Amino acid sequence: MENSNKRYWKGIEELTNEPSFVKNIHNEFGNMPSETDAKGDSLVDGAGTHRRDFLKMLGFGVAAVSLAACESPVKNTIPYLNKPEDVEPTIANWYASTYTDGGDYASILVKTREGRPIKIEGNKSSSISKGVLSGRAHASVLSLYDNEKLKGPQAAGKATDWTSLDKDFTAKLAEVAAKGGQIRIVSNTILSPTTKKVIADFAAKYPTTQHITYDANPAYGLTQAHGGVLPNIDFSQAKTIVSVGADFLGSWIAPTEFAAQWAITRRVSSEKGGKKDMSRHYQFETILSNTGANADYRASYKPSQEGLVAVALYNAVAKLTGAATIAGASVKVDHLEKAAKDLVASKGASIIVAGSNDPEVQKIIAATNALVGAYGTTINTGLAVNYRQGNDMAMANFIKEAGAGSIAAVIFYNANPVYNHPMGAALAAALPKVGLSLATNDRADETASLCQFIAPDSHFLESWNDAEPKAGFYSLTQPTISTIFKTRQAQSSFLTWAGLSADFAAYLESNWEKNILKGGKVAWNNALHDGVFEPTTATVSSASPSVDVNASAAAISKAYTASSTGLEITVYEKVGLGTGSQANNPWLQEFPEPVSKACWDNYAAISQPTATKLKLKQGDVVEVSAKGYKVSLPVLVQPGQAQDTIAIAIGYGRTKAGKSADGVGVNAYPFISEINGACVGTCTQGVSITATGDTKDIAQTQTHQTVMARQAVVQETVLADFAKDAKAGSFTPRVKTSEGEKDATDLTLWNGHEYNNHAWGMVIDLNTCTGCSACVVSCNAENNVPVVGRQEVINRREMHWMRIDRYYSSDAEVEDLKGLEIASDNPEVVFQPMLCQHCNNAPCETVCPVLATTHSTEGLNQMTYNRCIGTRYCANNCPYKVRRFNWFRYFQTDDFDFNFNNDLGRMVINPDVTVRSRGVMEKCSMCVQRIQAGKLEAKKEKRRPVDGEIQVACAQSCPTNAITFGDMNDPASEISKLLLVEKEGRAYHVIEEINVKPNISYLKKVRNKDAKKEA
Amino acid sequence: MCCKKLTLVKFLFSFLFLIASTTAMLAQDAAEGETLFKNNCAACHASTDEVLVGPGLKGISERRPIEWIVKWVHNPQAVIASGDKYANDLYNKFNKAAMTPYPNFSEAQIKGIIAYIDASNAAPAAPAAGAAPAAGAAAPAAQSSGGMMEVLLVGLLIIMVIVLIALLSIVNSLSKLSKAAEADPSKSFFERVSENAKSLAANSAVKTGIIVLVLLLGGKATIDAAYGVGIHQGYAPEQPIKFSHKLHAGQYQINCNYCHTGVYEGKGANVPSANICMNCHNAIKRESPEIQKIYKALEKDEPIQWVRVHNLPDLAYFNHSQHTNVGGLECKNCHGEIEKMEVVEQRSSLTMGWCIDCHRQTDVNAKGNAYYDKLVEVHNKDSKTPLKVQNIGGLECSKCHY
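Parameters at a glance
- Residues numbered from 1 in each chain as written.
- Chains lettered and ligands numbered in written order.
- Predicted model: local features only at pLDDT ≥ 70, side-chain atom pairs only at ≥ 80, totals over all residues.
- Pairing = 2+ DSSP bridges.
- Helix = DSSP H or I, 4+ residues; strand = E, 2+ residues; numbered from the N terminus.
- Axes fitted to C-alpha atoms, helices over the stretch in contact; angles between N-to-C directions.
- Parallel < 35°, antiparallel > 145°, perpendicular 65-115°, else oblique.
- Left-handed = near helix turned anticlockwise from the far one by under 90°.
- Contact = placed C-beta atoms within 7 Å.
- Nonpolar A, V, L, I, M, F, W, Y, C, P; charged D, E, K, R; others polar.
- Buried ≥ 20, exposed ≤ 12 C-beta atoms within 10 Å, placed from the backbone.
- pLDDT = per-residue confidence, 0-100.
- Core = buried A, V, L, I, M, F, W, Y, C linked by C-beta atoms within 7 Å.
- Domains from an automatic or database assignment.

**Some details on the sheet that holds strand E16 (residues 409–413) of chain A**
One open sheet accounts for seven strands, arranged E7-E6-E18-E17-E16-E8-E9 (chain A); its pairing is mixed. At either end of the open sheet lies a strand with only one pairing partner, and these are strand E7 (158–159) and strand E9 (209–213) of chain A.

Given below as structure tokens:
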């Protein structure tokens, strides 16, 4: 970065050079466990091995080994008794299915081995999810093997069987119905049309039944502004994107779908005459969200100003388009006028989205969208979207009714409102007043444990189901494993209670053949094979909702203030854990949040100036209270966040979810307030924060690997410069020699390699990588990466092969300390996926004393676990810090009581990848098992592999196609074509000057900002 | 005249050629027939006169006319329904068990099968025609313990022996010198020998020599034993059911792939499931106590726990289809002559050295496989030897370890 003044840093501690950071700079894996830090009694706290213990263990070990060597145990091989015709052991079967979790939707392909699902990939047949998945969808396969789900139905907290549950429950239901008592079914958004039909059948039998739908992360405001349904949003057509608090790339409504569309507008090419324009993205928000981190221009506001920001934006646009302005106190937000100017300039290709759940704010935004011609182009009201159907008013009303004792029976259909509704405590208090209660939740969670009956639903991978994510677009779910526990899918339960046949599979098929496919068995089989049925092309409507902007503005003026001085709480959803429905999934708990890079916790995020003002620093435990609700949690200093705000994530603080989730973080749902009849994730009144004097480390991975003052790790430029010169902002390393200055890559100590067969490589586009980390979860699942837990992450020993480095930067001079401090209030952010670079001149290979890491004839840097003796020389010599060391045995060890520590959890292990033991190095293998399998398939068919046939897990899962993997020896491959174009443009190698010649190239980030004015 | 001669020669040649080609064609038919027979018929019929599920087929071409056989194979039920006496007798004789129809077999294919049956009965010792393409030299069972070490030890042993002889000769001449005077001719030969032996035993150089020798031999034995840990060559455990490969694969020549369904497709060859046994044993030898065990397992719904003979460590990835389907290797290359084993035993050492040896020596089965075309071309440019597995990365770690 000699060419720019930018300074990049990974965390506040690096910027301010804190002692803890300086101490650990050269300490990639944290301290070695030594005798002096033996304070804990568990291995994890630092193994305090004494000499005598060591000798004892040694003696025992020698004896045990020699005993074990005497006779090898007899191993059995147990074939099927009756082999199913389509299952061949050791060959994977793939089934098309659908992932739904509330309103989250993805059409998926499930990989099963010997009848057990082990991996989920996207289904390209779907025009909606287009073959990409979120991290949560990837992780859902592990939730199938959650040992802490209920093993069967329960009545009054005791295990029972289905027959007696059905008998008792229907008898009581009949009693309620006879008396005309009110029955409620409470659920989150249901995407399945057939399930809704089942509920209607149930309601027909018990006519007092009402179905209440709510969402833990509602979009009630948006649906209210559009006549009760969500409109279809398409970012791919947008030239100007403005988001007011909507984290649409990370957590808002359908982030993977939106990210894919967004990426289309952000892709540029260095080719002469190639695409040199991209959308401009403005983000106004309170926290530094994943979306804000990717925006070109970003500014922050306080939650109490949110409605007025919408009004100000409307007024700014109205002024430019000649429409009437509306009343509202003016707020000062940077870039707002500029955003309005761009919106109007790209009229017809502009879009404004808002994250607020306040219907009045959404109405103003809808009116603004109408002014910039978004309806009919970027927003389509002709295509109803079903992702969020929750009705906040109805739910609040239900809780009030329950409290008043006017509800006779309630069925919670996979809903946990006691935990994830702001009035959960009120509901918990009201439930004893409800005569009959049942939950179909998969575990005795916060809500189910308060119910009289629990009729556990099966996991979606064990069930039949369907989905209609958008009107006319259908999708099927089929079971890929028979039920693990004695569970029964909720639809069958409802049918049983309604006195109908419990065979939901037959019910689903007949409903599809009659009402959806309008065809017979063949059509059904085709739909089941494809996983989706999309007969319609979406109708486009340019109708915009009619909005009384003045009435909305008046309502906003009442609820928001332009200048508040007090502290405010904002509640947000994390990209990884979401609403907490899968909180007991260790992969998601250890998912480093894209921006904060923290895992295993939620925390009170505050900005640096606020921290200074409150005399707090990172890790101080504070008590945050508002609305009579109090929580204690550690402080995390978050650059870019609005001043005087505290951000707390939902999804944590579970108490009855299981070992991995219970007691991790605190529950933030109660801080959600009611504004204009909707649940809005803010709390602006009476917020207090006090230090408790305790401290608690936050498990953050951000500064675990540092750039060691290397140059050109991340490279970036602005669009205007890039359009002029594709090499703008690129760094070409030069070295001085006795023969004058030379390119660093011209000097080499190595002989190089010759690749006759394949040359596998990867290109990662920093311009489209949003940092969403779906690849991280996908990699964990594919490569049996162990979960190490909170303490080991703090000890800097996380095992992820793929990490997303997040760099903050500013334009201030390196010496200009003051400037840097200001810049850190609203830094620019770069995300850089970092994995083994598979160097052709690999420094790790030259230092391994036992040749455990070697180079293959296909360009891969191979790691041979059974040869490794754990010297860690390779990790010390790796310039990219991507090698991870197995300090402990992470499987079958009570110290790491996660999925690898129980038989059920181990069912998710990929049988084609070794589970690594203690004392060996590991790192990205470029999914060599997939490469080998793909090559074998081609050899069997006597042909060369086709480009795209072999995919690595990260590239396959990337929602934005930021990762391109392929054979660089095949001139027809996508990667070869891309590199040919970008070689003289954006492509660069990280730390090119040390000439290790990686097989992974990066494409420089381009921001759509105005070119810097010449100084 | 001259002209006539030439014609005669021509005629003779063409006649010879005709005969040769007919024989070749017949042989080819029989070869195809053998494959078809083994894959389709052998489960129920023997090529001898032994009765399995259906009648033995020896002499079938004499018993029935070819037209009848073709009709029967294409649709046995139709022949029975037509009231054919032979067919109905046969049907009743075999408890009205209908034969599976093979409507897709062409007449030529059926003739081929008959040609094979006839040929196998005419010359039972003749080697099977049309053996699968040779897949390069089968790797000799490798001497797994390191060759280097042995050479070293033998060398040391020789040196030691030479030193010993030298020492003995010195001792001998010294004792001769010192004892020349007191040589007592009265002492018998045996007394002298024992005296010499005593003095030899007292000699420290000899003692040291012997100790070193014992240590060396002991060391070699230990190293050899250590190399043998975990190698189970010759392991032939008793199985829960006394299944004989000699009978099934040897005598009845059932194709390996019939039971081991994954061998050309997947990573594992797969131990057959009980329903595959039942394809034949629902009719054959139902009363045998060994086969009753399968029935019991099916009744109780308890899978049969076979003892695993070939155990590769989890850290090694081995894929059958790469070797059988792509490499064109035969099962016996690694498993030995299974068709002669009453109880299956592990014939190869299955050590990494054994794998590597084979990868060093084996030619790539590249013929007709477009995957290898470019690799062969590049290889042939600067090498005269055929493309070996090791030339295309066959010795690399991540071919088997990941």
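That covers the picture; the talk isn't over yet.
**Notes on the packing of helix H12 (residues 359–371) of chain A against helix H19 (residues 549–559) of chain A**
All names here are of chain A. The interhelical angle for the contact between H12 and H19, taken along N-to-C directions, is 140°, at an axis separation of 9 Å. The angle between H12 and H19 falls in the class oblique. In the packing of H12 onto H19, the handedness of the crossing is left-handed. Here H12 contributes Glu-360, Val-361, Lys-363, Ile-364 and Ala-367 to the contact with H19, which in turn contributes Val-549, Ser-552, Ala-553, Ala-555 and Ile-556. In terms of residue class, the contact of H12 with H19 is made up of seven nonpolar, one polar and two charged.

**Looking at the interface of chain B and chain A**
With 45 residues of chain B at the contact, the number on the chain A side is 40 residues. Of all the secondary-structure elements, those providing two or more residues to the side of chain B that touches chain A are helix H12 (274–281), helix H13 (289–300), strand E1 (306–307), helix H14 (320–326) and helix H17 (373–381) of chain B. Of the residues in the side of chain B that touches chain A, the class split is 20 nonpolar, 19 polar and six charged.

**So, the pairing of strand E37 (residues 803–810) of chain A**
A regular strand places its side chains so that they alternate between the two faces of the sheet. Residue and element names in this part refer to chain A. The element E37 is largely enclosed, with a buried count of seven among its eight residues. Sheet topology note: the strand E1 (residues 7–9)/E37 ladder contains three bridges and is antiparallel. Note that in E37 the partner of Tyr-8 across the bridge is Ser-809. Here E37 pairs with strand E38 (residues 828–834) via seven bridges, running antiparallel.

**Here's the deal with the confidence of the model for chain B**
All names here are of chain B. Looking at chain B, pLDDT values average 82 and 85% of them are 70 or higher. Taken element by element, chain B is modelled with least confidence in helix H1 (residues 2–41), mean pLDDT 60, and with most confidence in H14, mean pLDDT 95. Here residues 1–6 scores under 50 on pLDDT; set against residues more than four positions off or in separate chains, the count is zero contacts. Low confidence marks residues 125–145, where pLDDT is under 50. Its contacts with residues over four positions away, or in another chain, come to 33 contacts. Across the assembled chains, the prediction reports ipTM 0.85 with pTM 0.83.

**Here we look at the nonpolar core**
Residues Val-244, Ala-310, Leu-313, Ile-364, Ala-604 and Ile-764 of chain A are the most contacted members of the largest nonpolar core, which totals 280 residues. Of the residues forming this core, the biggest block, nine residues, is contributed by helix H10 (residues 306–321) of chain A. Beyond its immediate stretch of four places on either side in the chain, Ile-764 of chain A contacts Cys-769, Pro-833, Ala-962, Ile-963, Ile-1000, Tyr-1002 and Leu-1003 of chain A. If you look at the next biggest cluster of nonpolar residues, it comprises 11 residues, including Ala-30, Ile-114, Ala-115 and Ile-117 of chain B.

**Notes on the domain arrangement of chain A**
One frequent convention defines the size of an interface as the accessible area lost when the parts assemble. All names here are of chain A. Examined at the domain level, chain A breaks down into domain 1 (7–20 + 717–1007), domain 2 (93–144), domain 3 (230–266 + 277–383) and domain 4 (565–700). Once you take the C-alpha centre of each, domain 2 and domain 3 turn out to be 31 Å apart. On the side of domain 3, four residues touch domain 2, which itself brings six residues to the contact. Tallied by class, the residues present in the side of domain 2 that touches domain 3 amount to three nonpolar, two polar and one charged.

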